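Remarks on the overall topology
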Amino acid sequence: MELALQESGRRDEFAPDEYAFGCLSDALCKIGSVKEAAALFGEMEYRFTPGIKLFTSLLYGWFREGKLMEARHVLVQMRDAGFKPDIAVYNNLLSG
């Protein structure tokens, strides 16, 4: 995301926030680009505290791809960050 902003010369006009990262991550997971979403998550962790929606998006993406070990890792990260899976998390897991 930053590369696109740098190339357009608009980096100073737009500073991505947690919401922008979350929307992009969710969209990437929904189109099957979960590896890219996970990389974005890694970049975002250094700037913002990830919210439950971001964790839920990654869980959905990994389950949808059948990558259970990656999904388990995200679940552990989510719990370590102090979030407990809620009904939305379980619904996403069941539908993934």
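Look a little higher up for the structure.
Below: a short report on this structure. (Residues numbered from 1 in each chain as written. Predicted model: local features only at pLDDT ≥ 70, side-chain atom pairs only at ≥ 80, totals over all residues. Heavy atoms only, no water.)

Enumeration according to the criterion identifies 3 salt bridges in this entry. One salt bridge connects Arg-47 with Glu-43, and the closest N-O pair in it is separated by 3.9 Å. Looking at Arg-47, the relative accessible area reads 39%, which means it is partly exposed. Each of Asp-26, Lys-30 and Lys-53 takes part in one network of salt bridges that share partners. (Salt bridge = Lys/Arg side-chain N within 4 Å of Asp/Glu carboxyl O. Buried < 20%, exposed > 50% of the residue type's maximum accessible area, 1.4 Å probe, protein only.)

Another point: the side chain of Asp-26. Looking at where Asp-26 falls in the secondary structure, it is placed in helix 2 (residues 18–30). Here Asp-26 falls in the buried class, since its relative accessible area comes to 16%. Ignoring sequence-local partners within four residues, the contact set of Asp-26 consists of Lys-53 and Ser-57. (Helix = DSSP H or I, 4+ residues; strand = E, 2+ residues; numbered from the N terminus. Contact = heavy atoms within 4.5 Å.)

At a closest axis distance of 8 Å, the pairing of helix 4 (residues 52–65) and helix 6 (residues 87–95) adopts a crossing angle of 15°. The orientation of helix 4 with respect to helix 6, classified from their angle, is roughly parallel. The two elements helix 4 and helix 6 meet at a crossing, and its hand is right-handed. Here helix 4 contributes Ile-52, Thr-56, Leu-59, Tyr-60 and Phe-63 to the contact with helix 6, which in turn contributes Ala-88, Val-89, Asn-92, Leu-93 and Ser-95. Broken down by class, the residue content of the contact of helix 4 with helix 6 amounts to 7 nonpolar, 3 polar and no charged. (Axes fitted to C-alpha atoms, helices over the stretch in contact; angles between N-to-C directions. Parallel < 35°, antiparallel > 145°, perpendicular 65-115°, else oblique. Left-handed = near helix turned anticlockwise from the far one by under 90°. Nonpolar A, V, L, I, M, F, W, Y, C, P; charged D, E, K, R; others polar.)

Before going further, it helps to spend a moment on the nonpolar core. Core analysis: the largest hydrophobic core is formed by 18 residues, its most contacted members being Leu-58, Leu-59 and Val-74. Broken down by secondary-structure element, the contributors of at least two residues to this core are helix 2, helix 3 (34–45), helix 4, helix 5 (68–80) and helix 6. Other than its neighbours up to four places away in sequence, Leu-59 contacts Ala-71, Val-74, Leu-75, Met-78, Val-89 and Leu-93. (Core = buried A, V, L, I, M, F, W, Y, C linked by side-chain atoms within 4.5 Å.)

Summarising the element assignment, Thr-56 is placed in helix 4. By relative accessible area, Thr-56 is classed as buried at 10%. In this structure, the C-alpha to C-alpha distance between Thr-56 and Tyr-90, residues 34 residues apart in sequence, is 9.0 Å. Apart from residues lying up to four places away in sequence, Thr-56 is in contact with Ala-88, Val-89 and Asn-92. A distance of 2.8 Å separates a polar atom in the side chain of Thr-56 from the backbone oxygen of Ile-52. (Polar contact = N/O pair within 3.5 Å; in protein donor to acceptor, adjacent residues only side chain to side chain.)

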